Each structure stands twice: as C-alpha cells, then as structure tokens.
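# Observations on chain architecture
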Amino acid sequence: MARRNVALIAHDQKKDDMVAFARDHQAWLAGCDLVATGTTGARIADACPGLAIRRLKSGPLGGDQQIGALIAERAIDLLIFFVDPLTPMPHDVDVKALMRLAIVYDIPMALNRATAETILGLEEAGAPAR
C-alpha cells in the first residue's frame, strides 16, 4: 500500500489528546507522511521523536489554511483534527474553511479520537486505499 499523507491538527485543549493518540499509534503513523500545524507538530515531535513531521505555521497564523491548500492540491489523504467544541476559536472561519475543503475533496476527516481509531482500524483490516 502507498504511504498515506496524513494531516494532524489539534485545538489547544485537545493537544494532550493528540499527543497521546500519536504515542499510542506511533507504529501506524510511522508508515505515513505526516504534516501538522506548528504547535501540534512540535508537541508530537517531542513525544514521538521517531516520527518525521513536516510542521507548518500555527493554526491561527495560517497553518489551517496551509493544510487546506494541501487538501485542494490532493496532497492529503486523511485529516485528523481533534476539535474542541467548547472553547471559542478566534480563527473559527479558517477551521470551517478547512473542514469544508475536506468535505468537498472527499477526504476522510476524524474530529475525535474514536473516529481516528476507527479509520486506522479499517486501514489495518485491509479496507481499500483511497
């Protein structure tokens, strides 16, 4: 199977969850080309030094838009975006635009750990690659 291009993003209140997810699924993620927004990527890199992660700008500084552009260029196969629905986001329009692009380009998008693990489970079980 070809290497998957996976984007990782987490809102501030979900960064610990994303780090735990990356640590728990490090072997699967190691087989992917990873891209992440700045702070999320830094936190994952610190916790999982064996993972190669291309870090973009922080989400509020344009990182969400950079990942959106990669989606539009069909350079992302899976978006894992741990969203915090309880905290207001000053860059909410960027987040909505990113999610809209994932829907328009039919990119699998996990907004929480349960969905991300379901997608990984399907991949491991041999579901056809997109």
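Everything discussed here concerns the structure shown above.
Attention here is on the structure that accompanies the text.

## So, the environment of Pro 108
Looking at the secondary structure, you find Pro 108 in the loop between helix H5 (92-104) and strand S5 (109-110). Residue Pro 108 is classed as buried on the basis of its relative accessible area, which comes to 19%. Between the C-alpha atom of Pro 108 and that of Thr 37, which follows or precedes it by 71 residues, the distance is 18 Å.

## Describing the side chain of His 25
By secondary structure assignment, the location of His 25 is in the loop between helix H1 (15-24) and helix H2 (26-29). Take His 25: its relative accessible area is 18%, and that puts it in the buried class. Ignoring sequence-local partners within four residues, the contact set of His 25 consists of Arg 113, Glu 117 and Leu 120.

## Points about the nonpolar core
Val 6, Leu 8, Met 18, Phe 21, Leu 34, Ile 44 and Ile 80 are the most contacted members of the largest nonpolar core, which totals 23 residues. Going through the elements one at a time, strand S1 (4-10), H1, H2, strand S2 (32-36), strand S4 (78-82) and helix H6 (113-124) are the ones with two or more residues in this core. In terms of residue count, the dominant contributor to this core is H1 (four residues). Excluding residues within four positions of it along the chain, Ile 44 makes contact with Leu 8, Met 18, Val 19, Ala 22, Leu 51 and Ile 53. In terms of nonpolar packing, the next biggest core, distinct from the first, is built from 15 residues, Val 35, Ile 67, Phe 81 and Leu 98 among them.

What counts, and at which threshold
- Residues numbered from 1 in each chain as written.
- Predicted model: local features only at pLDDT ≥ 70, side-chain atom pairs only at ≥ 80, totals over all residues.
- Heavy atoms only, no water.
- Helix = DSSP H or I, 4+ residues; strand = E, 2+ residues; numbered from the N terminus.
- Buried < 20%, exposed > 50% of the residue type's maximum accessible area, 1.4 Å probe, protein only.
- Contact = heavy atoms within 4.5 Å.
- Core = buried A, V, L, I, M, F, W, Y, C linked by side-chain atoms within 4.5 Å.

Scope: geometric values only; no functional claims are made or implied.
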